[in-house]
Amino acid sequence: MTQKNMPQILNFNLFGEAGDLPDVVHCETIQTRSRLHNWEFAPHRHARLHQVLYLAQGGGRVTLDGAPQQIAPQDVVNVPLGLVHGFSFQPGTEGLVVTLAAEMLDQALLPVEGLRPVLMRPAVLRCAQDTRGTLEQILAAFSGRAFGRAQILRSLAGLLLGQIARDLTEGESPGAAPARPDLLARFEALIEARYTDHRPVADYAADLGVSPTHLSRVCRAATGRPASALIEDRLIREARRNLVYTNLTVATIAYALGFSDPAYFTRVFTRATGLAPRAFRDQAQTG
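What you see is a predicted model, and the numbers here were worked out from it, not measured in a lab.

Caption draft 1: Here's a closer look at the nonpolar core. Within the largest apolar cluster, 31 residues are counted, with the highest numbers of intra-cluster contacts made by V25, V98, L100, M104, L135 and I138. Those elements that provide at least two residues to this core are β2 (25-29), β4 (49-57), β9 (94-101), α2 (102-108), α3 (115-119), β10 (123-126), α4 (129-143) and α5 (149-168). For this core, the element with the most residues is α5, which contributes eight residues. When neighbours within four sequence positions are excluded, V98 is seen to be in contact with V25, H26, C27, H50, Q51, V52, L135, I138 and L160. In this structure, L184, F187, C219 and L257 belong to the second largest nonpolar core, which totals 27 residues.

Caption draft 2: Focus on unusual backbone geometry. One non-glycine residue, W39, lies in the positive phi region at around 65°. Note on placement: W39 falls in the loop between α1 (30-34) and β3 (40-45). Given the relative accessible area of 10%, W39 is considered buried. One non-glycine residue, Q74, adopts positive backbone phi at about 75°.

Caption draft 3: Looking closely at the sheet that holds β4. The strand order across the open sheet formed by five strands is β2-β9-β4-β7-β10, and the pairing between neighbours is antiparallel. Every other strand in the sheet has two partners, leaving β2 and β10 as the edge strands with one partner each. Neighbour-to-neighbour, the strand axes of this sheet turn through a mean angle of 15°, independent of strand direction. For β4 and strand β7 (residues 75-79), the ladder comprises five bridges, and the chain directions are antiparallel. If you follow V52 over to β7, its bridge partner there is N78. Here α5 sits on the sheet and contacts β2, β4, β7, β9 and β10; the angle it forms with β10, its principal contact strand, is near 95°.

Caption draft 4: How the structure looks around the side chain of E238. Along the polypeptide, E238 turns up in helix α9 (residues 227-245). A distance of 3.3 Å separates polar atoms of two side chains, one belonging to E238 and the other to Y195.

Caption draft 5: Highlighting the confidence of the model for the protein. On average, residues of the protein score 85 in pLDDT, and 87% of them reach the 70 mark or higher. Taken element by element, the protein is modelled with least confidence in strand β1 (residues 10-11), mean pLDDT 52, and with most confidence in β7, mean pLDDT 97. Scored below 50 in pLDDT, residues 1-9 shows five contacts in the model against residues more than four places distant or in partner chains. pLDDT under 50 marks residues 176-181. Its contacts with residues more than four places away, or in other chains, come to seven contacts.

Rules of the game
- Residues numbered from 1 in each chain as written.
- Predicted model: local features only at pLDDT ≥ 70, side-chain atom pairs only at ≥ 80, totals over all residues.
- Heavy atoms only, no water.
- Core = buried A, V, L, I, M, F, W, Y, C linked by side-chain atoms within 4.5 Å.
- Buried < 20%, exposed > 50% of the residue type's maximum accessible area, 1.4 Å probe, protein only.
- Helix = DSSP H or I, 4+ residues; strand = E, 2+ residues; numbered from the N terminus.
- Contact = heavy atoms within 4.5 Å.
- Pairing = 2+ DSSP bridges.
- Axes fitted to C-alpha atoms, helices over the stretch in contact; angles between N-to-C directions.
- Polar contact = N/O pair within 3.5 Å; in protein donor to acceptor, adjacent residues only side chain to side chain.
- pLDDT = per-residue confidence, 0-100.

Structure representation (structure tokens):
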């Protein structure tokens, strides 16, 4: 098969939408989009989104990184960032889908606590009663417009991530460290610590004891993107966060992210998001 004829894994932001997620947390019912797609979602991935799906009634099948599994009422599915997955639901299936932006995970997950490598495990779990309650609270908060909505959603999302991580490690020794992170997880940890240094891929690869080619191959297999793109993604996520949640000038944000030239930062950001920093901020504030 020639390269041009090889099927490509689709990269979506939110069930086929190309636009940015308007909230750091999004919640909707399974049926909202499934009806529009004949209850089928072909294998795809979300580069910047983590999803938790809860099945209340009905059933179907989920494919996680090529492995199909049946899902039944009271199951919850953990879908990490970048994981190739697809769904096939029985018509009339009911449940919830909570989508968390990568920026929210960056804020909520402290590296020292070890939740991120645990949450990178795709899984189908039985939904604990308290987890179901948190999911229902997220839906109620997301659907409303009460004062404090954003803070409530961030707090509930952090609670949900903790509950999912807890259930993913059920049966493991209390306090035990998660399984040894794979190369991608170790690379992401290094990026988190050094992304403002603008280090080349070769430096990260040397720290990890592998060649730059091998590192990029692993990244492409897991996320569909090369190692260099993951480094840039982390910079762009931080830039997006600062543009939306602070009043810092574009130049100040650029310098804080290690750019020596704000104009170059603007070009990098525009290429990555399709909008100049000021336009991105204006859109976020009016969206």
